[in-house]
Amino acid sequence: MQKSEEEIKELQNSQGGSLNELNFDVLQKWQDLFCETSEVYVCCLDHTGKAITSFSGNRSEADKIRTVVSDERIRDIFERVTYSRIEEQAVEMTDVPNLRLAAVAVRQGQNTRFVWIVCAVMKSVDLYSSASHLLPFSGFTYTITEEHFYYVLDLLRESTGMLCEVMESRDEAMLQSENSRVLEHQMSNQFHRAEAMTEIVSELDSDDSIEKIMEKVLKQIGEYLEISSGFLCKNHREDDLVDVTVQWNSSGSVALFDQNRNIEKFWFLHTEKTLVLSSDTMLSAGRREQLDALGISAIAVFPIKVNEEIGFYACFAQRGKNRTWGLDEVKFISDAARILQSIITKRIQKNSLASSFASLEAILDNVGSSIYVRDIRTNCMLFANRSLRSHFSKELREGTLEQLFEENIPAKSHSGNYEIYHEERGRWYDLYYTHISWVDGRKVSLCAIYDSTEKKLYQKKIEQQAYTDFLTGLYNRMCCERDLAKYIDEAQQSGEKGAVFYLDLDDFKHINDGLGHQYGDLLLKTISRSLQSISGIQNTCYRMGGDEFVIIVPAQSYSLVDDIMAKIQDIFSRSWYLKDADYYCTMSMGTVEFPTEGSNVAELIKKADIAMYEAKKSGKNRIARYSDNIDSTSSRRLDMEKNMRDAMMKNYEEFEIYYQPIVDNLTKGTPCVGAEALVRWNSKMGFISPGEFIPLAEYLGLINPIGNHVLEEACKACRNWNEAGHPDYRINVNLSVVQLLQPDIVDIIQNAIDTSGIAPRQLVLEITESLAINDLDRTKNILMKIKKLGVRVALDDFGTGYSSLNNIRALPFDIIKVDQNFVRDLAEDSYSQSFIRMIAELGEAIGADICVEGIETKTQYQVLESMKVHYIQGYYFDRPITRTEFEEKYVSMKNEGKKKRIARSMDI
């Protein structure tokens, strides 16, 4: 059967969907094997949380585990890893001391494909809290050590990722194969359609009887559409009856009508317009019953006018099976019906050849192709429809139409088709030709020309799609790896050198989240065009995904490598115009040479990537060259991860909380009014800075328990200060993005308040500016719930993000903390002074106090004395210190009834 365009698209979409579905029978078997070898109990959920495999392992043991691990508990940990942009793996304790619950998300890009739920029975219970009212599990088939448990989770995530990559590679290959098959369907369908239309048009000059011609036309249409029947009904003018002039039935089908004359007019013939009824069209019971009586499941009816009145109805029916008509099928029948109308009109008006020709010309002017008729003997052009006169006027004037289209037709061929490329226009055409007899009996060549350029471009697009990034138009990772292998071979053969640059945008997330993804996409496209404009790398820029790019400097361009790097740095030294304002987005880039530093594609890209991360670690907005020393940092990261997990098992004792005093600038003597709690990690590797271990904790999914520990300890410390004679002391605690987005964050805060006994008004929670504007409505909803607890909220690092004053006004902030970047040159920079003065006035207007961070010198402090800044914080007053030191300085009372004032012992 010739498939319509809609059917082909539907086929393509349905096949494309099935290719992306995982074979869950294979997944269940793979899961069972994994559980047996890893000694854990596992089930798999899809991206919606629906179970797609059952728990593997001993059934009775799995059921016993499920009595402790409820559906709600599984849903919570599923949402934790599914909706977090950072957490891919989470581990939680249960009410049974030696039973652990974990979730491992398997992602495809930014989307979660499915989630593993893992339960493990620990061999030892020494590391778990004894507060549980349940006894440890014993006698289980599968038990595991703590260390091996985390190894199993990593193995599960990595092996499943590899499985998904294999599946995706298979899906991509199958999809490309399916696209090729669909394209073949389209080409075959177009060919058969043109072939059928050419045969129908040829009947215009047939000497056969009108009934014979009608039967041929119905046969051509019916066989092309692969339907059951076609019939032509002649309308009675004097009554409500019709005659079946001619009917055609497919091979093996019985005749639809035994009686041909004076048949009562069917309801579907009471129409003046085209009527198309598919099998699933909603009809009244009576109308559907009449169709069923005829055995018709779908029908298309086309009225044919003769002398401005409906004289015939051309009907095409499907019997015995369901059918849905496609738009291209309806258009084909409509075009054929017009030609049939022309044939009937010509026969009826035998004495008006000119009128018949005009009707034919009108019909051919409205078909979807360019048509011309040429006298074979004299080469004289006898007819050209409107489409041909419009698109090939130049060739008609110059008389080159035959040379362009018919030059390659075989001498003895009377009909056929082939493809033509018009170099001057850069377009492709399909030509269908046949020899027929003209109205006066002479032999002519009838040619129908279809513009197939779009089809060719689509075919080319399919071929290029595998190597092109959809968003930026740059080549993608697959193309990068292919090209790099080629350039390495060329460099080795010529004895020359090339280079690979790995480029990553700095803080691109701020742009993407702050301004919106559409502006993030716009920035990526603008950067891509800028990179392509650099001489020497116009065709060797690749987008690896997200905000990462690779640039290959081939051997022939290596002499320009320093100039290329300088131009890349120059691109990122300028601002980007986004959303009616200028924004800066810098980059960090790593470079590696080939083949001197490697000849393996994956190895070179990895080395360039390592160098890029070294550039980021060194302060961003810079370029780093690869060296063997850089590679050693990878092992340090692994050591940090192990030590962090060990520290978590030791009740967080390595995570020390330091306190930096906050002073009241509006009270004489600037007394201390509280402190900001800052976490420090005193690990076995030594002190590790927050900038190094906090991103790792977020990546490992450990930031929430660490943050909750800091919150609880800080609240306890503040309560002690309040009871030691400082009832007004407040404690400021930072909340990370991951913490704030916890579904139970309000309960966590309430629990910290209840456990410590702190008055809620003494607790100040700080959130960063970029987090506050990332999802304004959601952030506002969470903050309002927190405010109802009586807790105060501060906007931290104000001035570093992209928030508008309207956004700040919309959120319930009690305090605005100005980032220290505006304080560094406060004594000399009038802009910084004006900015802080403006923010102070803004705070007064919206009812928020202002706190300035980073005051390090007396001069900076003196500048603030004349401003309406309520709170100040910085090294000029004191550095972050331990709780013991803080209490010795600011809590202990030397004189009864007097608060200890801050001594400014140094002027930094």
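Keep in mind it's a predicted model, so treat the numbers as computed, not measured. (Residues numbered from 1 in each chain as written. Predicted model: local features only at pLDDT ≥ 70, side-chain atom pairs only at ≥ 80, totals over all residues. Heavy atoms only, no water.)

Some thoughts on the overall build of the chain
Of regular secondary structure, the chain possesses 29 helices and 31 strands. For the chain, the C-alpha radius of gyration of 39 Å lies well beyond 29 Å, the compact-globule estimate for 908 residues. With the C-alpha coordinates aligned to their principal axes, the bounding extent of the chain is approximately 125 × 70 × 60 Å. Looking at the 908 residues of the chain, the share that counts as buried comes to 50%. Taking the contacts inside the chain whose residues are at least 6 apart along the sequence as the reference set, 63% of them involve residues at least 24 apart. Looking at charge distribution, the chain has the averaged site of its 104 positive side-chain charges lying 3 Å from that of its 137 negative ones. (Helix = DSSP H or I, 4+ residues; strand = E, 2+ residues; numbered from the N terminus. Rg over C-alpha atoms; globule rule 2.2 N^0.38 Å. Buried < 20%, exposed > 50% of the residue type's maximum accessible area, 1.4 Å probe, protein only. Contact = heavy atoms within 4.5 Å. Lys, Arg positive; Asp, Glu negative; His and termini not counted. Charge placed at Lys NZ, Arg CZ, Asp CG, Glu CD.)

Examining the pairing of strand β1 (residues 41–46)
Of all the 6 residues making up β1, 6 are buried; the element is thus mostly covered by neighbouring parts of the structure. With 6 bridges joining them, β1 and strand β4 (residues 111–121) adopt antiparallel strand pairing. Within the sheet, the bridge partner assigned to Y41 lies in β4 and is C119. (Pairing = 2+ DSSP bridges.)

Digging into unusual backbone geometry
Peptide bonds are mostly trans, and most non-glycine residues show a negative phi. A cis amide bond, omega 0°, links F594 with the succeeding residue P595. Position of P595 relative to the elements: it lies in the loop between β21 (587–594) and α18 (601–617). A positive phi angle, close to 65°, is found at E39, a residue other than glycine. Checked against the element boundaries, E39 lands in the loop between α2 (24–38) and β1. The class for E39 is partly exposed, based on a relative accessible area of 32%. The backbone of E226 shows a phi angle near 55°, a positive value even though the residue is not glycine. Looking at where E226 falls in the secondary structure, it is placed in the loop between α6 (210–225) and β5 (229–235). Among the residues examined, E226 registers a relative accessible area of 33% and is labelled partly exposed.

What about the sheet that holds strand β12 (residues 381–384)?
Taken in spatial order, the 5 strands make up an open sheet running β12-β11-β15-β14-β13, and their pairing is antiparallel. Each end of this open sheet is capped by a strand with a single partner; those strands are β12 and β13 (415–422). Across the sheet, the mean angle separating the axes of adjacent strands is 20° when strand polarity is ignored. Relative to strand β15 (residues 443–451), strand β11 (residues 370–375) is paired through 6 bridges, and the arrangement is antiparallel. Residue pairing across strands places Y372 opposite C447, the latter belonging to β15. Here helix α5 (residues 146–202) sits on the sheet in contact with β13, β14 (427–437) and β15, set at roughly 30° to β14. (Axes fitted to C-alpha atoms, helices over the stretch in contact; angles between N-to-C directions.)

Description of the confidence of the model for the chain
Summarising the model, the chain shows a mean pLDDT of 84, and 90% of its residues fall at 70 or more. Confidence scores differ between elements of the chain, with helix α1 (residues 5–19) showing the lowest mean pLDDT of 43 and strand β18 (residues 548–553) the highest of 96. Note on residues 11–22: pLDDT is under 50 here. Beyond four places in sequence and across chains, it has 21 contacts. (pLDDT = per-residue confidence, 0-100.)

Some points on empty space enclosed by the protein
The final tally for this structure, using the stated rule, is 2 cavities of 30 Å³ or more. Of the voids in this model, the second largest cavity is the one considered here, and its volume is about 100 Å³. Forming the boundary of the second largest cavity are I662, V673, G674, A675, R730, N732, V764, I815, K817, C851 and Y871. Broken down by secondary-structure element, the contributors of at least two residues to the lining of the second largest cavity are β24 (672–683), β26 (730–734) and β29 (815–818). Ranked by residue count, the leading element in the lining of the second largest cavity is β24, at 3 residues. (1 Å grid on protein atoms, 1.4 Å probe; cavity = no way out; pocket = protein on both sides within 12 Å on 5 of 7 lines; lining within 4 Å. Points joined across faces, edges and corners; volume = space filled by probe spheres on them.)

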